[in-house]
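Analysis of the macromolecular model
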Amino acid sequence: MDVVAALFDVDATALSVGAYHLSWLELVSTCLYLASVLLAIRAHVLTWPLGIVANVLLLALFFQIRLYSDMLLQCYYILVSLWGWWLWRRRGPRKPLEISQLSSAHRLAIGAASAVAIVALGSSAGRLYLWLPSFFPQPASFPFADATTTVLSVVATLLLAGKRIENWYLWLAVDAICVYLYASKGVHLMAAEYGLFFVMAAFGLARWRRLTVASVDTGRVQSIG
């Protein structure tokens, strides 16, 4: 098997630990995604191209382990990453966004819309193998849990782009569910990575809250960019 084919094959083993066989696809995508998150914490523009490569590999991974909502989510991430890459290069570091919070009305509206989207996406993902058997020969695994992480990730990404502090609460929920999903599907490295992301999200939430409280004395919300 050539290098490129092995990189995109979930059955191509990079190393084995007991009964667990870690594929090159899981290993490389996980490492690249973690690196892109670390770069995002530093607000470094290279987070976007590195993230795009990770998303392409994750798209291939999720297709092969039948998490179809997560697969479609990678397409969204790729598009948003291209836009974010362009935006960060265009704006530069001199005009950072400020941390802010959603109003109660906006939180309620986003919550209701997210619930409807989760039900619709979960129901659709559960029927993909019936509608498009040539592309999805087997039924989706955990369609509603998968749909929940997908919808909340879409919303959290948009809130993060606008530096809304609520994005961290959503990432905490997404990361917790993903730990269970990926462990259940046997991709244990990704499960461990999302456990790390959960800790990082908790740290991010605490940091943003401290900056928001500190901003009361200055009369404005501070930026962490």
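Residues numbered from 1 in each chain as written. Predicted model: local features only at pLDDT ≥ 70, side-chain atom pairs only at ≥ 80, totals over all residues. Heavy atoms only, no water.

This brings us to a nonpolar patch on the surface. Nonpolar side chains collect at one region of the surface, where L130, W131, L132 and F135 lie side by side and expose about 470 Å² of accessible area between them. Relative to the helices and strands, L130 is located in helix α6 (residues 128-131). Residue L130 is classed as exposed on the basis of its relative accessible area of 54%. (Patch = residues over 30% accessible without salt bridge, like charges linked within 9 Å, V, L, I, M, F, W, Y side chains within 5 Å. Areas by Shrake-Rupley, 256 points an atom, 1.4 Å probe, with all protein chains shown as cover. Salt bridge = Lys/Arg side-chain N within 4 Å of Asp/Glu carboxyl O. Helix = DSSP H or I, 4+ residues; strand = E, 2+ residues; numbered from the N terminus. Buried < 20%, exposed > 50% of the residue type's maximum accessible area, 1.4 Å probe, protein only.)

Here Y182 is to be found in helix α8 (residues 167-184). Each C-alpha atom, one on Y182 and one on A192, is 8.8 Å from the other, the two residues being ten residues apart in sequence.

When pLDDT is averaged along the protein chain, the result is 80, and 83% of the positions lie at 70 or above. Scored below 50 in pLDDT, residues 221-225 makes 19 contacts in the model with residues more than four places away or belonging to other chains. (pLDDT = per-residue confidence, 0-100. Contact = heavy atoms within 4.5 Å.)

This brings us to helix α5 (residues 104-125). Helical periodicity: at 3.6 residues per turn, an α-helix aligns residues three or four positions apart in one direction. Given a rise of 1.5 Å per residue, 22 residues ought to cover 32 Å, and the 31 Å separating the end C-alpha atoms of α5 matches this to within 8%. Turning to α5, its buried residues number three or more, namely S114, I118, G122 and A125. All buried residues of α5 lie within an arc of 65 degrees about the axis, which places them on one face of the element. Turned more than 90 degrees away from the buried face of α5, the exposed residues are A105, L108 and V116. (Expected span 1.5 Å × (residues − 1). Arc of directions from axis to C-beta.)

Moving on to the nonpolar core. Counting residues in each nonpolar core, the largest one holds 43 residues, and the members touching the most others are L61, F62, I65, W171, Y182, M190 and Y194. For this core, the secondary-structure elements that each account for two or more residues are α2 (24-41), α3 (47-64), α4 (68-91), α7 (143-161), α8 and α9 (188-218). In terms of residue count, α9 provides more of this core than any other element does, nine residues in total. If we ignore the near neighbours within four places in the chain, the residues touching Y182 are F62, L67, D70, V187, H188, M190, A191 and Y194. (Core = buried A, V, L, I, M, F, W, Y, C linked by side-chain atoms within 4.5 Å.)

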